[in-house]
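Here is how the chains run, residue by residue.
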Amino acid sequence: MQSQQCKNCSAGTYSLGTSVAFDEWDSLPLGFVTQGVNTNSGNAHTNCSNSTWTPKGDYIASNTDECSATLSYAVSLKKPGSVSFEYFYPDNRVYFEFYIQNDQCQSTDSSTRWMSISERDWSKYRFELNSGNNVLYWRTTTYSLLDSTVKPVLLRNISISGVAYTSECFHCKPGTHSARAGSARCIPCPARTYSHKGATVCYQCANDTYSEAGSGSCKPSPACKNSDFFYTHTPCDSKRKTQLMYKWIEPKICSETVKGAVKLPASGEKKTCPPCNPGFFVTNSSTCEPCTNGFYSNGTVCHMCPVGTEPEVGFEYKWWNTMPKNMKSSIYSEQFSDSDSSTAWEVAGEYVYTTPGDEDTDLLILTLDVPGYRLPQSAVQEGEMSELSHITFVFETMCTADCKFSFMVGYNEWRSDLVEQWKGSNMKQSYSYVIHRNSTNNFIWTFQRTEKDNTERTYSADVAKIYLIRITNVVGGVASQCRRCALRSVNAHSTCVPCPPGYYMDNERGKCRSCPPNTYIKADEAVGEAACIQCGPNTKSNKAHTACLSDCALDVQTKGGSLLHYDFSHLANVTGFHSSPQFTNRGLRYFHRFNFGLCGNEGRVPAMCVDNVTERGREVKGYVCQSTVFPSDIRSQSVVSSQPFLIGDSLTGVTTDTSLSGISSPNWLFPSASALPDVIFYYKSSETTQACKQGRSATIRLRCNPTVTAHDLITLPSNCSQGTCDGCTFHFLWESHNACPLCTKNNYREIVSACIQGIQKTTYVWQQPLQCYGGESLPTQKVSACVTLDFWLKFGVSTGTIAAVLLVSISCYFWKKTRKLQYKYSKLMMNSGGKECELPTADSCAIMEGEDAEEDDMIYLPKKTFFNKIRSFSRERTSDGFDSVPLKSSSLLQREEEDSDEA
């Protein structure tokens, strides 16, 4: 204050600056107020004036009776600050809340005022405060519980920031220390150490002394006795062996070196482990694991329940080598300790028993958590609803003092009721409790050796043992046996073991029968027998034979005899569209949203419609669904969807026919001028309503439209704007180029060009109008070599010229040969001696090779023209067929010469 400067506190002290802290609770600090109020209107005469929060040194504890205890503190903040504190809230049967009222008496939000359960250690909580007056409230309420069984709520280290500055540093309390200057907190000393007020370090306890964490002094360690250790069975090793082992009770406060102290007994010999509990099996690592759903076991190997039976699920614990995962033990002591290593119940092979506690007044608690219950299918069908479940346990108590063994049932997070209590020693006996409500979520067994104030372990030999715990019809439980059940229908929630995929149960013979291919199993609830139903056209059954699917491929035979191939895989993705806008009576605009999942094999993504108006929401999935959407002003949502329902959850068939299985899609709904048929998908819904007692149905008509390429065009019938005319059957027209048949060779033609410069081109074009898509692609243009007309003309002229020359040559050759034959014949006639009727014998038929005609024998024939020769040749042929050639003899020649001379 003199220098008006802030300085660091020295080591061994601390300061919160502009905050106040309360960490010492020897008495109620100044400013805190506590009071008790009666909240049970049915028991108004109960006095709650003494039911307040009680300081316990390091912390303050709440009440443990049925009254409501409130702890309050008023503070005025100079600036916005915060409050923080640590609490221990282990018992969910206590109702614990923290809230704040400002200077206008306004409380904090109710959703943030309930404190969470502390799992094992202290929990921390922090809340922001506004400047001004603030009143802090801590309140606990307990309902209908025994005082000895409730764990109070504990508070410590309350700190509030935002107040005026502090002008002094505070010394660390005993059991804490601060080693550095400028500390805001003092650190507690660990166990077996101690410190004095204002300490900077913690000191180790001397030999044969001990201290708990945060202690200001050490205590002499008493001599170890038999009550300071307990026995347990070790978990089974890889050879399925276990042994008896002894352990000191933690924290260990006794000394083995003091005179008269006992030693920890040696471990026993290894023995063979017992089998696992029913419903569990032995793994390769020799641990016990639960059998999966549909299996049962006697503790060794899991077996599958036979067809037509269901497992009797539950829990049965009769071998105790390890503590089950859904069970835990804990100790509640009047003298609270931070130690979490204490063991209340320990396994001992054939039973679980209570170990010696720190004090004889400690409550040794064993808790079994249960997630819920479910009746077997056979019990539901037979109407056995009086008993939801029951729990049975076998126990024994051996006491020399006034011990108490209690059994309680927890109905919710804050409430547990005492069911039964036994005092003193009790012989080994069985107890059962029937469960009627599904709200029972845990069972609690407690054992207290005495209620008298006794800080020593005088009655540590008093013990409670539980040999067997069995509970039935537990959700997530295991099975030790199976019971018969009726296979009436395929139910997702049924535990009855069904027949293999593709089989159904023949109730008369009690055997599974197979279904033929492309059939699905449909249960007839009226007769209780399953039947195999043939899948619709162009569909096939799934692997489980529970539904029929379409692989989006289809072959259609037209009236003209041609075969059309369709592939709708490009339309298989979930597609949605809005109807035309509509308006309510008040003018609110809304739309009908339709979502399609046209086709696909197993694993396809179904169409989904949701309800995002309510907090939990709802969604439906199938082939066709509808929801009502409204434009939204909420930034995170552009539209609000509500009222979803399924139109079709099963595929009936795919065909070009206008009716199938009682579902009709008349052509007049969507008139068409195309010669191609429309492919219609038929869907059916199993959901029935009062208006649609046979369920809803839908037809999606796919029409080939090559002009629709950017976005598929989905429309509703013009005379049914809602998509349905009767409210039960919905009709849709889906136009797309992907709805056209696959292209084949019949859909294009070829055009051959003229031969130009030895090159000829063949071009392929689609036939118009084009009514196909995909499939075979249009072939590319072909280029080939060819021969032109000029070449053939030249070739013809050349060939004609050669032929003419050849003919002339042949004609000349035969003309020459003819002249030689005439000469030979004339010579023969001359040698005949003037006798015309006789001819000399020819030496040869012709002039021999090398024979030359003598000049004086040459016969000169008168020259004639070619035509005269022909004419004479035809005229001088004799009757015998030979030609008559006039020959001139030598006498005639001489006579002619003489006549010429006379003249």
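Residues numbered from 1 in each chain as written. Predicted model: local features only at pLDDT ≥ 70, side-chain atom pairs only at ≥ 80, totals over all residues. Heavy atoms only, no water.

Draft legend 1. Layout of the overall build of the protein. Check the secondary structure of the protein and you find four helices and 62 strands. Within the protein, counting contacts between residues at least 6 apart in sequence, those at least 24 apart form 65% of the total. (Helix = DSSP H or I, 4+ residues; strand = E, 2+ residues; numbered from the N terminus. Contact = heavy atoms within 4.5 Å.)

Draft legend 2. Layout of the state of the cysteines. Scanning all chains against the criterion turns up 20 disulfides. Bridging Cys 189 to Cys 202, the disulfide has an S-S length of 1.9 Å. Between Cys 189 and Cys 202, the S-S torsion sits near -80°, and that sign places the bridge as left-handed. In this pair, Cys 189 is assigned in the loop between β14 (187-188) and β15 (193-194) and Cys 202 in the loop between β15 and β16 (203-204), connecting sequence segments 13 residues apart. Given the relative accessible area of 24%, Cys 202 is considered partly exposed. (Disulfide = S-S within 2.5 Å. Buried < 20%, exposed > 50% of the residue type's maximum accessible area, 1.4 Å probe, protein only.)

Draft legend 3. The sheet that holds strand β3 (residues 32-37), seen in detail. The antiparallel open sheet is built from four strands, whose spatial order is β3-β6-β10-β8. Looking along the sheet, the strands with just one partner apiece sit at the ends: β3 and β8 (94-102). Strand-to-strand, the axes of this sheet are offset by a mean angle of 20°, without reference to chain direction. Sheet analysis places β8 next to strand β10 (residues 132-142), joined by nine bridges and oriented antiparallel. Among the inter-strand pairings, Asn 102 is bridged to a residue of β10, identified as Asn 134. (Pairing = 2+ DSSP bridges. Axes fitted to C-alpha atoms, helices over the stretch in contact; angles between N-to-C directions.)

Draft legend 4. Highlighting the pairing of strand β48 (residues 589-596). With six of eight residues buried, β48 is to be regarded as a mostly interior element. Here four bridges tie strand β46 (residues 575-578) to β48, and the two strands are oriented antiparallel to one another. Its bridge partner lying in β48, His 578 is registered against Arg 593. Hairpin connection from strand β47 (residues 582-583) to β48: five residues lie between these consecutive antiparallel strands, with Gly 587 at a positive phi of about 90°. In terms of strand pairing, β48 meets strand β51 (residues 624-631) through six bridges, oriented antiparallel. Looking at β51, one finds that Arg 593 is bridged to Ser 627.

Draft legend 5. Examining the side chain of Lys 173 more closely. Within the element layout of this structure, Lys 173 appears in the loop between β12 (170-171) and β13 (176-177). For Lys 173, the contacting residues outside a window of four places in its chain are Asp 23, Glu 24, Asp 58, Ser 195, His 196 and Lys 197.

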